[in-house]
Structure formats: structure tokens, C-alpha cells
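Below are the chains, spelled out letter by letter.
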Amino acid sequence: MGYREVNIEKTAELVEIRKVKGVGPGIKKRHENIVKVVNKFADKNKPLLEIGVREGFLFDHLKNHGYKNLYGVDISPVGIKRLHERGYKGHVADAANDLKIGDR
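Rules used in this analysis
Within every chain, residues take consecutive numbers counted from 1 along the sequence as written. Totals for whole chains, interfaces and linings use every residue, but because this is a predicted model, local features are given only for residues with pLDDT of at least 70 and side-chain atom pairs only at 80 or more, for both listing and counting. No hydrogens and no water enter the side-chain calculation; it runs on all heavy atoms of the structure. Burial classification: accessible surface area is computed with a 1.4 Å probe over protein chains only, and a residue below 20% of its type maximum counts as buried, one above 50% as exposed, and the rest as partly exposed. Runs of H or I in DSSP of at least four residues are treated as helices and runs of E of at least two as strands, each being numbered from the N terminus. Each pair of strands is called paired provided DSSP finds at least two bridges between the two strands. Here, the term right-handed applies to a crossover whose path from the first strand over the helix to the second runs clockwise when the strands point away from the viewer. Working note: the arc is built from the helix axis to C-beta atom directions. As used in this structure description, the phrase polar contact means that two N or O atoms lie within 3.5 Å; if the pair is within protein, one of them must be able to donate a hydrogen and the other to accept it, and residues adjacent in sequence are counted only when both atoms belong to side chains. Summary of the metric used: pLDDT quantifies the predictor's per-residue confidence within the range 0 to 100. Pairing of aromatic rings covers Phe, Tyr and Trp, the last through its six-membered ring, and needs centres within 6.5 Å; plane angles under 30 degrees mean stacked, over 60 mean edge-to-face, and all others mean tilted. A ring is considered to have a charge above it if a Lys NZ or an Arg CZ atom is located within 6 Å of its centre and within 35 degrees of its normal.

(A) Up close: the pairing of strand β2 (residues 70-74). With four of five residues buried, β2 lies mostly within the body of the structure. Pairing between strand β1 (residues 48-51) and β2: four bridges, direction parallel. Residue L48 lies in a different strand from β2, and its bridge partner there is L70. Following the chain from β1 across helix α3 (residues 57-64) to the adjacent parallel β2, one finds a crossover that is right-handed. Here β2 pairs with strand β3 (residues 89-92) via four bridges, running parallel.

(B) Spatial organisation of helix α4 (residues 77-85). All of the buried residues along α4 are G79, I80, R82 and L83. Down the axis, α4 shows its buried residues gathered within 160° of arc, on one side only. At the C-terminal side of α4, G87 shows a positive phi close to 95°.

(C) Looking closely at the side chain of S76. Secondary-structure assignment places S76 in the loop between β2 and α4. Separated by 3.0 Å, the side chain of S76 and the backbone nitrogen of G79 make a polar contact.

(D) Main features of the confidence of the model for the protein. Mean pLDDT for the protein: 84, with 86% of residues reaching 70 or above. Ranking the elements of the protein by mean pLDDT puts helix α1 (residues 8-21) last, at 70, and β2 first, at 95.

(E) Expanded view of the packing of aromatic side chains. Counted under the stated rule, the structure contains one aromatic pair. Both rings, one in F59 and one in Y88, keep their centres 5.2 Å apart while their planes meet at 70°; by these two values the pair is edge-to-face. Of this pair, F59 sits in helix α3 while Y88 sits in the loop between α4 and β3, placing them 29 residues apart in sequence. There is no split in this pair, since F59 and Y88 are both buried. Note that R86 overlies the ring of F57, its terminal NZ or CZ placed 4.2 Å from the centroid.

If you want it as C-alpha cells, here you go:
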């Protein structure tokens, strides 16, 4: 991968904190606002990809709004491991170098 996670220990620590506490009200509000935008442009019956998914907390809101086929990629193996533990699909990737969509 072209990107190196600067501090895997800090990422792991934050993931553990969010396992217990979840995310705060500010992030929840931000996710609800994102869902409003996604609802305008996305088809709930088609796959939806989040780049930079972390542990997938946005997926919780999307799922509550009827999105079923959710998939995420993130540079952090710790985040993707937690994403899987939370029941979502995804894999570790550097979006700038590892993903190919069409001819890009």
C-alpha cells in the first residue's frame, strides 16, 4: 500500500474506546446529515461503498434507513476488523492506490 498508518496503537486504542462508548452525539448528527444527502442520490437496492469506513458507524444509520448492501474500505486493519465484528462487510485498502473503478 502507498499509505502507512502512522500510529496503529493509537488507532487500536480509539477503536477499543468506541467499542464501549460508541460515538458521540456530534458524530451521530453528522451521520444523520450524510444519510439525508445519500437518500437524494443513492438507490437503497443497489450496493453502497464507503471509502474510509473505519468501524462502520455510518452504516448503522444507513441500515436504519433501508440500505442493505453496504461495503466499506479503510486503510486501517484495526478498523476493518472491528467493522467485521459489527457485522458489516469490508476490506483493507488504500483507496488512492488499491481501488479501481472503471478505467481509473
